[in-house]
Amino acid sequence: MKAITVQPGHAGSASLDDVPEPALGEGSVLVEAIAVGVCGTDVEIVDGKYGWSPPGSDRLVLGHESLGKVVDPGGATGLKPGDLIVGIVRRPDPVPCPNCAVGEWDMCRNGQYTERGIKELHGFMSERWRIEPEYAMKVDRSLGLLGVLLEPTTVVAKAWEQVTAVGQRAFWEPRHVLVTGAGPIGLLAALLGKQRGLDVHVLDRVTTGAKPELVRQLGATYHACRANELGFQPDIIIECTGVGPVISDAVKSVAAGGIVCLTGVGTGGRTTGMVADAAASLVLRNNVIVGSVNANKRHWYKASESLLRADMAWLAQLVTRRERPEDFRRALARQADDIKVVVQFANP
Ligand SMILES: [Zn+2]
């Protein structure tokens, strides 16, 4: 079968290869790939800056934002041929640490977790893949191809849960939310903010195109300015750019008692000295900066509930480009109007 593979640590090594059928050891459920979303992590892996191949192999099958159709449930209860499923990305570490031991592998303490398509486990960019039944998330058929948005939605489901958890430290009635960055993570974070009945604002650089329009359709407010130029102080900021100066502005702009949740750190800007710079404000205004990465099964469940409650016509606009597996290089090359680009293997 065909698979998009990469030699981690080697820039430009990605290729569409003939590989053996997925090993039975990868799980009893056999799945036909439908689509795999592309994100910044995939680009970093292809650029040789991140990623680890499975032990005994020098290449890694890329892709962690999956959507597939069950070919053979392999005896798994609750799954039948034709069901749409998405594969959970992270697996608990083998020790396991206390968090992995209770199913909170997203909070792994020893870093020995593994991840499909990223860290020591093959990903989902192959014509067929296998998965353990307990890591297969069934998605509602009505979502169709949009099921590919489940993985990025888990990231924001966890981020919102973290914000809510931190908020419980004191009396707190948040009203105004700022999301920085109108990419797929930012737009999905804004969606979940609206689903919580909050006043949602989204900030990005562009002034025209799909991003401002998608924010408006959501009933949220779009801004093309800096966080400190909004004219109000958000109670919650979900930071989705990973860019140093944007993070710095966010920390300085959040309201007293407010929470800034960082969902990623990219290479777009330096964050050095940011915390020291913000420390006085953090203490005197009871602010919290909380980092959030990955998701556990509870977040996967919550994310699928959120997607089902969303307006399908709105969600459909997030997938701005679909490329064939042989055109994977085009999928990985960012274009100006991209929101979510997917490699499509088959129809749902
Ligand atoms: Zn662990």
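Structure's up top.
Now for a quick tour of the structure. Just so you know, these numbers come straight off a predicted model, no measurement behind them.

1. Brief notes about the nonpolar core
At step 1: Counting 89 residues, the largest nonpolar core has Ile85, Ile131, Val179, Ile238, Leu315 and Leu318 as its most contacted members.
At step 2: Sequence-distant contacts of Ile131, that is, excluding residues within four places in its chain, are made with Glu26, Gly27, Ser28, Val29, Val31, Ile85, Gly87, Ile88, Arg91, Arg116, Phe124 and Ala136.
At step 3: Within the second largest apolar cluster, 13 residues are counted, among which are Leu178, Leu203, Val251 and Ala278.

2. Overview of the side chain of Asn287
At step 1: Within the secondary structure, Asn287 is located in the loop between α7 (274-284) and β17 (288-291).
At step 2: For Asn287, a relative accessible area of 8% puts it in the buried group.
At step 3: A distance of 3.2 Å separates a polar side-chain atom of Asn287 from the backbone oxygen of Gly258.
At step 4: Leave out the neighbours within four places in its chain, and Asn287 touches Val251, Val254, Ala255, Ala256, Gly257, Gly258, Ser281 and Leu282.

3. A short note on the coordination of the zinc ion
At step 1: Those protein atoms acting as donors to the zinc ion are Asp93 (OD), Cys97 (SG), Cys100 (SG) and Cys108 (SG), and they sit at 1.9 to 2.3 Å.
At step 2: The sequence pattern describing where the donors of the zinc ion fall on their chain is D-x3-C-x2-C-x7-C. This pair shows no difference in class: Cys100 is buried, exactly as Cys108 is.

4. Comments concerning helix α5 (residues 210-217)
At step 1: What α5 keeps buried is the set Lys211, Pro212, Leu214 and Val215. Down the axis of α5, the buried side of the element spans an arc of 165°, and every buried residue falls inside it.
At step 2: Buried-residue contacts for α5 involve α4 (184-195), β13 (199-203), β14 (221-223) and α9 (312-316).
At step 3: Just past α5, the residue Gly219 takes up positive phi, approximately 85°.

5. Digging into the pattern of salt bridges
Opposite charge on two side chains lets them pair, provided their charged atoms get close.
At step 1: Applying the stated rule across the entire model yields 20 salt bridges.
At step 2: Its salt-bridge partner being Asp338, residue Arg321 comes within 2.9 Å of it at the nearest N-O pair. Residue Arg321 is located in strand β18 (residues 319-323), and its partner Asp338 is located in the loop between α10 (328-332) and β19 (340-344); the two are separated by 17 residues in the primary sequence. Each of the two residues, Arg321 as well as Asp338, counts as buried.
At step 3: A single salt-bridge network, built from bridges that share partners, covers Arg321, Glu323, Arg324, Glu326, Asp327, Arg330 and Asp338.

6. Considering the sheet that holds strand β7 (residues 90-91)
At step 1: Read across the sheet, three strands follow the order β7-β8-β9 without closing on themselves; strand pairing throughout is mixed. Only two strands of the sheet have a single partner each, and these edge strands are β7 and β9 (120-121).

7. Comments concerning the layout of surface pockets
At step 1: Of the voids in this model, the second largest pocket is the one considered here, and its volume is about 260 Å³.
At step 2: Across the lining of the second largest pocket, the residue classes break down as seven nonpolar, five polar and six charged.

8. Brief notes about the environment of Leu30
At step 1: For Leu30, the location among the structural elements is in strand β3 (residues 29-38).
At step 2: Among the residues examined, Leu30 registers a relative accessible area of 15% and is labelled buried.
At step 3: Look past the residues within four positions of Leu30 in its chain and what remains in contact with it is Pro22, Lys69, Val70, Val71, Asp72, Arg128, Trp129 and Arg130.

9. Comments concerning the packing of aromatic side chains
At step 1: In this structure the tally under the stated criterion is three aromatic pairs.
At step 2: With centroids separated by 5.0 Å and ring planes inclined at 70°, the aromatic side chains of Tyr50 and Trp52 adopt a geometry described as edge-to-face.
At step 3: Between Trp105 and Tyr135, the ring centres sit 5.4 Å apart and the planes meet at 55°, which makes this aromatic pair tilted. Placement of Trp105 in the loop between α2 (98-101) and β8 (114-116) and of Tyr135 in the loop between β10 (128-131) and β11 (136-138) is noted, with a sequence separation of 30 residues between them.

Conventions we followed
- Residues numbered from 1 in each chain as written.
- Predicted model: local features only at pLDDT ≥ 70, side-chain atom pairs only at ≥ 80, totals over all residues.
- Heavy atoms only, no water.
- Core = buried A, V, L, I, M, F, W, Y, C linked by side-chain atoms within 4.5 Å.
- Buried < 20%, exposed > 50% of the residue type's maximum accessible area, 1.4 Å probe, protein only.
- Contact = heavy atoms within 4.5 Å.
- Helix = DSSP H or I, 4+ residues; strand = E, 2+ residues; numbered from the N terminus.
- Polar contact = N/O pair within 3.5 Å; in protein donor to acceptor, adjacent residues only side chain to side chain.
- Donors = N, O, S within 2.8 Å, 3.2 Å for Na, K, Ca; no water.
- Arc of directions from axis to C-beta.
- Salt bridge = Lys/Arg side-chain N within 4 Å of Asp/Glu carboxyl O.
- Pairing = 2+ DSSP bridges.
- 1 Å grid on protein atoms, 1.4 Å probe; cavity = no way out; pocket = protein on both sides within 12 Å on 5 of 7 lines; lining within 4 Å.
- Points joined across faces, edges and corners; volume = space filled by probe spheres on them.
- Nonpolar A, V, L, I, M, F, W, Y, C, P; charged D, E, K, R; others polar.
- Phe/Tyr/Trp six-rings, centres within 6.5 Å; stacked < 30°, edge-to-face > 60°.

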